[in-house]
Structure formats: C-alpha cells, structure tokens
Amino acid sequence: MKQIVFATNNKHKLEEIRNILDNALNILSLDDINCHEDIPETGSTIEENALIKARYIKEKYGYDCFADDTGLEIKSLNNEPGVYSARYAGNDHNSEKNMQKVLENLKGKNDRSACFRTCIALITGNNEYLFEGKIEGEIITEKKGESGFGYDPIFVPDGYTQTFAELGNDIKNKISHRALAVKKLINFLQSIQ
C-alpha cells in the first residue's frame, strides 16, 4: 500500500481524510514523521497555500505528500473569508469567532449563497498536481448541529435542509468539497500505480 504524508496539523482534517480514504492509502501524519513546525500559509489563494505546505514537507523531509487548503467563499461578502477562512476573526484559528464574524457581516444581506472550495496539492516524485473540490450552499442565520468543525454549523449544502454539522460525518464525507477533491486524488493515484 502506498505510503504518503498528509501535511496538516489539523487533527479533524486528518481524521476526515482517513475516513474518506477508507484505507485506500497509508496516510502518515506530520507527527508520524516528527514534523512539529507550524508550516506557514503565506499564499494569496488556497491553491498557493496547498502547494506551499506540500513543498515544505517534500523539500525538508523527502516524502511524497499532499496538502490541502480550504476556503469558504460567500458571494455577498466578495468571496470572503476565502483564503483567510481559518483566521478570519484572528490568528488564533477560533472557529466560534470566525462563525460569529461571518454571521455579523451577513446581517441585512439577502444573498447568503456560499461555497466551500478545497484544493489538494500532491507531490509525488518530482511532479506536482492540483485537485479541486467545490460544493455550493448557503449560510444560515444561526448555528445548528454538533458534528464537524469549522463553519459546518452554519453551512447548508445545496439539495439538503440541514447543515454539515447536522448531517453528520457519514454524509458529509461523501458530499463535501474535501471529499470531492480527495476522490480526484485517489483516482489519480490509482491510475499511476
């Protein structure tokens, strides 16, 4: 089974990716390779941030790896928070404060349409690849649900009446932006084995 590093310090993302992959790959965490640095995310797009993280691991540790970056893009907020989703309300990556800032900024706005976009950067050998997953939906006016993480309690995907946090991980891991990007990653990796 192919061994590959997932360059993230986010334990929720790591668990979600492992669940989506369902043992299709042997995923190593940053802890597994003794990487305890906070990899800088200095890109101006989610694609750039994903590549920065993947290149950091490849250059410093030598492993084939992939990294993702995700942004919530809200149409009436000029696609904010976008690349700054994790630190929208400050550098402490506080999901509660981030959600409150989104809800505050949307007060009085009729258009609450939004999308989640994930970009995965894969480096295998000397080659780099990008895979994108995107899901449309809308931001509701108050938090609902207990599962998931990040903005899940305020995002309702198109075709559903519940938030990601209400739908639960089984459904979310089949339909989410990250799931769509990961499926593209898996299909690609299987095609080159």
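Residues numbered from 1 in each chain as written. Predicted model: local features only at pLDDT ≥ 70, side-chain atom pairs only at ≥ 80, totals over all residues. Heavy atoms only, no water.

A.B. asks: Describe the overall build of the protein, with residues and values.
C.D. replies: On a plain count of helices and strands, the protein comes out with six helices and seven strands. Ordered by position from the N terminus, the helices and strands of the protein form the series β-α-β-α-β-β-α-β-β-β-α-α-α. On C-alpha atoms alone, the protein measures out to a radius of gyration of 16 Å, which is about the 16 Å that the 2.2 N^0.38 rule sets for 193 residues. Along the first, second and third principal axes, the C-alpha set of the protein runs to 50 × 30 × 25 Å. Here the protein holds 193 residues, and the buried ones make up 49% of them. Looking at the protein alone, contacts between residues at least 24 apart form 54% of all its contacts between residues at least 6 apart. Carbon and sulfur atoms form 43% of the exposed surface of the protein, whose accessible area is close to 9,600 Å². Of the charged side chains in the protein, 24 are positive and 30 negative; the average position of the first set lies 1 Å away from that of the second. (Helix = DSSP H or I, 4+ residues; strand = E, 2+ residues; numbered from the N terminus. Rg over C-alpha atoms; globule rule 2.2 N^0.38 Å. Buried < 20%, exposed > 50% of the residue type's maximum accessible area, 1.4 Å probe, protein only. Contact = heavy atoms within 4.5 Å. Areas by Shrake-Rupley, 256 points an atom, 1.4 Å probe, with all protein chains shown as cover. Lys, Arg positive; Asp, Glu negative; His and termini not counted. Charge placed at Lys NZ, Arg CZ, Asp CG, Glu CD.)

A.B. asks: Any details on the side chain of Asn-98? Residues and values, ideally.
C.D. replies: When you line up the elements, Asn-98 lands in helix α3 (residues 95-105). Excluding residues that lie within four positions of it along the chain, Asn-98 makes contacts with Ser-85, Ala-86, Arg-87, Tyr-88, Ala-89, His-93 and Tyr-151.

A.B. asks: Break down the UniProt feature "binding site: Mg(2+)" (unreviewed entry) in the protein for me, citing the residues and quoting the values.
C.D. replies: Residues given the UniProt feature "binding site: Mg(2+)" (unreviewed entry) here are Asp-69. Looking at the element boundaries, Asp-69 is found in strand β3 (residues 65-74). You can call Asp-69 buried: its relative accessible area is 5%. With residues up to four places along the chain from it excluded, the contact list for Asp-69 reads Glu-41, Thr-45, Ile-46, Asn-49, Ala-50, Lys-53, Val-83, Arg-117, Thr-118 and Cys-119. (UniProt positions renumbered as here; feature names shortened; annotations may be inferred.)

A.B. asks: Break down the confidence of the model for the protein for me, citing the residues and quoting the values.
C.D. replies: Counting all residues, the mean pLDDT for the protein is 92, and 99% of those residues have values of 70 or more. At the low end of the mean pLDDT range in the protein sits helix α1 (residues 11-21), at 81; at the high end sits strand β7 (residues 155-157), at 98. (pLDDT = per-residue confidence, 0-100.)

A.B. asks: Any chance you could break down helix α2 (residues 46-61) for me, citing the residues and the numbers?
C.D. replies: End to end, α2 covers 23 Å across 16 residues, agreeing with the expected 22 Å (1.5 Å per residue, within 8%). For α2, every residue scored as buried is listed here: Ile-46, Asn-49, Ala-50, Leu-51, Lys-53, Ala-54 and Ile-57. Each element contacted by the buried residues of α2 is listed here: β1 (3-6), β3, β5 (113-124) and β6 (127-139). Once α2 ends, the next one or two residues include Gly-62, with phi positive near 85 degrees. (Expected span 1.5 Å × (residues − 1).)

A.B. asks: Tell me about the packing of aromatic side chains, and name the residues and values.
C.D. replies: On inspection of all chains with the given rule, the structure shows six aromatic pairs. Members of the aromatic cluster, connected to one another through ring pairs, are Phe-116, Phe-155 and Phe-164. Here the guanidinium or amino end of Lys-101 rests over the ring plane of Tyr-88, the centre of that ring lying 4.4 Å away. (Phe/Tyr/Trp six-rings, centres within 6.5 Å; stacked < 30°, edge-to-face > 60°. Lys NZ or Arg CZ within 6 Å of the ring centre and 35° of its normal.)

A.B. asks: How would you explain the pairing of β5 if you had to name every residue and give the values?
C.D. replies: Summarising burial for β5: eleven of the twelve residues are buried, a large majority. Relative to β5, β3 runs antiparallel, the two sharing ten bridges. Among the inter-strand pairings, Ala-67 is bridged to a residue of β5, identified as Ala-121. Relative to β6, β5 runs antiparallel, the two being bridged by twelve bridges. Paired with Ser-113 across the strands is Glu-138, a residue of β6. Hairpin connection of β5 to β6: two residues between the antiparallel strands, including Gly-125 at a positive phi of 65 degrees. (Pairing = 2+ DSSP bridges.)

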